[in-house]
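The chain contents come next:
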Amino acid sequence: MAEINHGQARANLTDEVARYRAGDPTAAETLARRATRLALRTAAVILSSREEASDVAQDVAVDVLRSLPKLREPEAFDGWVHKITVRHAMRALKRRQHSRTAETPLALLPEPDEPAAIEGYDPAALLSARAALADALAELPVKQRLAIALRYVHDLPDREIAAALGCRVGTAHALLSRGRTALRQNPSLAALDPTTAGATR
Amino acid sequence: MSKLDDSLIHAALAPARRIEPTDAEIVRVVARATRAPRQRMPLRRRSLALALVGALLLTAAAGAATGLLPIGSVFEGDGFHDGARKVNETVVANGTAPKSGPWRITAFETERGVSCLKLELLDVAAGSRNGPRSSGYCGHIGATEAFGHGTAEAGDRRGEIILFGRAPDGARAVKLTGANGVAITMPTQTASAGMPGNYWLIAAPRGVEDASVRFLGADDRPQGAPIDVSYRFSGRIKPAIVMSGTAPFAGPWKLKAYESERSVVDGDLYQPEGLPCQTVFLGDPPPGTSGGSGGCGFQPRSPGFTIHQLRAPAFVNTKPKEILSFGMSPESADAVEIVSSDGDVVRSVLVKPGPQDGPDSTYWLVVTGPDVLEDAKVRWVDRDTGERGPELSIDPS
């Protein structure tokens, strides 16, 4: 069943890209939304700021739409978005080094539609984990941070993370591994045990 | 064995997995992506051009329509449920304001069949920092042709005053004028056949004095009387007791001026925020008399003037012994008069100025028996200039 859905999704995407190339404004909006959403989610983790993530996501989506004629395989649309997101997010981080802003990390902000509790976790403990993780992520090298975001926000396999980061699969695997190790060794996260932190499973 | 497992990272990053782009963000992306690439001009020319664009934006106050959904589009929106339920909203107007960004006005009916008009500022990111992003009104929109000065607190917090509403039939434009030479004219927008009417929005800079709105018909001829919107430019109304006294039967009273807060019941926004309100409170209400009575809003027929009443006692099918009639009056008013059907002034009371940090208004209260109000009218008067407000009916029962 999942394969059928994926197949259908790919067919829809191919169709949207074809309609966009033919000048259909509805397709432009659909693809703009898809690209902005993907980029926004990654950028939010990397930048910890909805405002900055919005700027990055919009730049990414504009680049994606403008470069769409160059995309030979429409089903590679999402990968294309991730690749451009990586470039823009790294640029945004560089810009930020020159002008640091203070903002509540996005991971800490309550979401209006957030369920009362994510299955298996005590909300208070989860909030602490988010706070600690946001701090710990900010200390990781950029590429490790991106790899973590692509894996845990978009559920991408190593192969697609590698494509987005422009590296070999082994390198992506290593980045993820090193990133996770660094998080585990981070003092604020080292003591965080799901069982003692409130997880019930 | 690691204490930080994958599922915890997953759970901790859950907010990022749910973020959705806003409509305004998508509008900007599509507009930028489909715009023809331009050559960058030299820095000095660019600065000048930017300054010119800024000035034009400020003067024009509201830009061209850029909403994603064209007029007549029907979509499943929140209505005034704040996400709790969905209603079918129809877009009746849209555009972009200089500071508040993209906006749209929608019309819809609540579950109880009440017509509503809703202004929504689509730039959610800005809204989250600067206050609420929607405003509106539920009531007889169709019958209230001049329902006018919207109450978008959202706009206020972004540094501009937003006025909006439905225009009378035949109104092709709406013009805001002020004593300090401000004049902003915006065309009305005609809704689709399924949702008839003309709708308008003006986003004006702060600080316009003596602001009033007037509709313009064919050949830019003014239609109807100007609507006083000055209170929208005078900042928030801080609650204050503006008058007090003692009535022979109702006893001690206080007249309080304040600003309405948004009230929504079952998705029916029966009171928008930001309207001027006046309420009389009785210190020692006699039996059968309410301890307070008042209201919020404006009189479209008499700009800056309102009439509310408190009956003492308020038994059903019984004539009250006393009626306290009261309200707000324009700053230029000296007195409020009750005029009989013969045109005689049967009662006159001096108005009192409001608090300094409130709107440029005066307040009035007159205590009468019900017979005095039989077939009577009420109006404000400026004794220095002889100017009088329109005579309005007053309830004698």
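For the structure itself, look to the data block above.
Quick summary incoming for the structure in this document. (Residues numbered from 1 in each chain as written. Chains lettered and ligands numbered in written order. Predicted model: local features only at pLDDT ≥ 70, side-chain atom pairs only at ≥ 80, totals over all residues. Heavy atoms only, no water.)

**A closer look at the overall build of chain A**
Selection criterion: Only DSSP runs of H or I with at least four residues qualify as helices, and only runs of E with at least two residues qualify as strands; both kinds are numbered from the N terminus onward. Only protein chains enter the accessibility calculation, which uses a 1.4 Å probe; a residue is then buried when its area is under 20% of its type maximum, exposed when over 50%, and partly exposed in between. In this analysis, two residues are considered to be in contact whenever any of their non-hydrogen atoms come within 4.5 Å of each other. Here the open area of atoms and residues is found with the Shrake-Rupley method and a 1.4 Å probe, where only the protein chains shown may cover a residue.
Scanning chain A from N- to C-terminus turns up 9 helices and 0 strands. Burial analysis of chain A (201 residues in total) assigns 46% to the buried set. The long-range share in chain A, meaning contacts at least 24 apart out of those at least 6 apart in sequence, stands at 65%. With the model as given, the accessible surface of chain A reaches about 10,200 Å², and the carbon-plus-sulfur share is 53%.

**Some details on the packing of helix H2 (residues 25-47) of chain A against helix H6 (residues 142-152) of chain A**
Residues and elements named next belong to chain A. As a reminder of what qualifies: The axes are straight lines fitted to the C-alpha atoms, using for helices just the contacting stretch, and the angles between their N-to-C directions are given from 0 to 180°. Comment on the angle field: the value is read as roughly parallel under 35 degrees, roughly antiparallel over 145, roughly perpendicular from 65 to 115, and oblique elsewhere. Definitions for this section: a left-handed crossing has its near helix turned counterclockwise from the far helix by less than a right angle. A right-handed crossing has that turn clockwise. As a working rule, the residues Ala, Val, Leu, Ile, Met, Phe, Trp, Tyr, Cys and Pro are called nonpolar, Asp, Glu, Lys and Arg charged, and the rest polar, with Gly in that last group.
Where H2 contacts H6, the axes come no closer than 9 Å and their chain directions differ by 135°. Comparing the axis directions of H2 and H6 gives the class oblique. Of the two elements, H2 crosses H6, and the hand of that crossing is right-handed. Contacts between H2 and H6 involve Thr 42, Val 45 and Ile 46 from the former and Arg 145, Leu 146, Ala 149 and Leu 150 from the latter. Here the residues of the contact of H2 with H6 are counted per class, giving 5 nonpolar, 1 polar and 1 charged.

**A few points about the pairing of strand E22 (residues 345-350) of chain B**
Residue and element names in this part refer to chain B. Using the following cut-off: When DSSP finds two or more bridges between two strands, those strands count as paired.
Where strand E21 (residues 335-339) lies against E22, 5 bridges are found, and the strand directions are antiparallel. Following the sheet pairing, Val 339 is matched in E22 by Val 345. Connecting the antiparallel pair E21 and E22 is a turn made up of 5 residues, with Gly 343 showing a positive phi of about 95°.

**What about the state of the cysteines?**
All names here are of chain B. Threshold: The disulfide definition used here is simple: a pair of cysteine sulfur atoms within 2.5 Å.
For the coordinates displayed, the defined rule picks out 1 disulfide over all chains. A sulfur-sulfur distance of 2.0 Å marks the disulfide that ties Cys 277 to Cys 296. Handedness of the Cys 277-Cys 296 disulfide follows from its S-S torsion of about 105°: it is right-handed. Of this pair, Cys 277 sits in strand E17 (residues 276-282) while Cys 296 is found in strand E18 (residues 292-296), placing the two residues 19 residues apart along the sequence.

**Topic: the packing of aromatic side chains**
Residues and elements named next belong to chain B. As a reminder of what qualifies: Aromatic pairing here means that ring centres of Phe, Tyr or Trp (its six-membered ring) are within 6.5 Å. Orientation follows from the plane angle: under 30 degrees is stacked, over 60 is edge-to-face, and everything else is tilted. Criterion for a charge above a ring: Arg CZ or Lys NZ at most 6 Å from the ring centre, at most 35 degrees from the ring normal.
One pass over the structure, following the stated rule, counts 3 aromatic pairs over all chains. Seen in terms of ring centroids, Phe 80 and Phe 108 are 5.5 Å apart; in terms of plane orientation they differ by 55°. Their pairing is tilted. You can see Phe 80 sitting in the loop between strand E1 (74-77) and strand E2 (87-97) and its partner Phe 108 sitting in strand E3 (residues 101-109), a full 28 residues away along the chain. Since its relative accessible area comes to 1%, Phe 80 is described here as buried. Here Lys 256 stacks its cationic end above the ring of Tyr 258, 5.4 Å away from the centre of that ring.

**Notes on H6(A)**
For H6(A), a buried count of 9 out of 11 residues is recorded, marking the element as mostly surrounded by other parts of the structure. The complete set of buried residues in H6(A) reads A:Gln144, A:Arg145, A:Leu146, A:Ala147, A:Ile148, A:Ala149, A:Leu150, A:Arg151 and A:Tyr152.

**Looking at the side chain of A:Arg145**
Residues and elements named next belong to chain A. Definition in use: Positive charges come from Lys and Arg alone, negative charges from Asp and Glu alone, with His and the N- and C-terminal ends not counted. Here, a salt bridge means any Lys or Arg side-chain nitrogen found within 4 Å of an Asp or Glu carboxyl oxygen.
One can find Arg 145 in helix H6. Of the side chains with opposite charge, Glu 52 lies nearest to the buried Arg 145, which makes no salt bridge, at 9.6 Å. Non-local contacts of Arg 145, meaning those with residues more than four positions away in its chain, are made with Ile 46, Leu 93, Leu 137, Ala 138 and Leu 140.

**Description of the sheet that holds strand E8 (residues 183-187) of chain B**
Residue and element names in this part refer to chain B. Taken in spatial order, the 4 strands line up as E8-E7-E11-E12 in an open sheet, and their pairing is antiparallel. The sheet is open, and its two borders are formed by E8 and strand E12 (222-228), each paired with just one other strand. Across the sheet, the mean angle separating the axes of adjacent strands is 20° when strand polarity is ignored. The pairing of strand E11 (residues 212-216) with E12 spans 4 bridges and is classified as antiparallel.

**Thoughts on the sheet that holds strand E19 (residues 308-312) of chain B**
Residues and elements named next belong to chain B. Reading across the sheet, the 4 strands line up as E19-E20-E24-E23 and stay open at both edges, with antiparallel pairing between neighbours. Two strands close off the open sheet at either side, each with one partner strand: E19 and strand E23 (352-353). Pairing analysis gives 2 bridges linking E23 to strand E24 (residues 361-368), with the strands arranged antiparallel. Residue pairing in the sheet places Pro 353 in a bridge with Thr 362 of E24.

**Details of the environment of B:Asn317**
Take B:Asn317: it is sitting in the loop between E19 and strand E20 (322-330). Taking C-alpha positions, B:Asn317 is 9.3 Å from B:Ser397, a pair spaced 80 residues apart along the chain.

**Regarding the pattern of salt bridges**
Applying the stated criterion across every chain, the model contains 23 salt bridges over all chains. A salt bridge links A:Glu29 to A:Arg33, with the shortest nitrogen-to-oxygen separation between them at 3.8 Å. Linking A:Glu29 with A:Arg33, this pair stays in helix H2, spanning 4 residues, or about one helical turn. Ionic pairing is found between B:Asp395 and B:Arg311, a salt bridge with its closest N-O pair at 3.0 Å. Placement of B:Asp395 in the segment after strand E27 (392-393) and of B:Arg311 in strand E19 is noted, with a sequence separation of 84 residues between them. Take B:Arg311: its relative accessible area is 22%, and that puts it in the partly exposed class. What you see here is one network of salt bridges that share partners, running through A:Glu29, A:Arg33, B:Asp23, B:Glu89, B:Arg104, B:Lys118 and B:Glu120.

**Description of the side chain of A:Asp158**
Inspection of the secondary structure assignment puts A:Asp158 in helix H7 (residues 158-165). If sequence neighbours within four positions are ignored, A:Asp158 has contacts with A:Arg151, A:Val169, A:Ala172, A:His173 and A:Leu176.

**What to know about helix H8 (residues 169-185) of chain A**
Residues and elements named next belong to chain A. Where we set the bar: To estimate the expected span of a helix, count its residues, drop one, and scale the result by 1.5 Å. Starting at the helix axis, one direction is taken to each C-beta atom, and the arc is that of these directions.
In a regular helix each residue adds 1.5 Å, so 17 residues correspond to 24 Å; H8 covers 24 Å between its end C-alpha atoms and thus fits that length. Regarding H8, the residues found buried are Ala 172, Leu 175, Leu 176, Gly 179, Arg 180 and Leu 183. Down the axis of H8, the buried set is contained in an arc of 125°. They therefore lie on one face.

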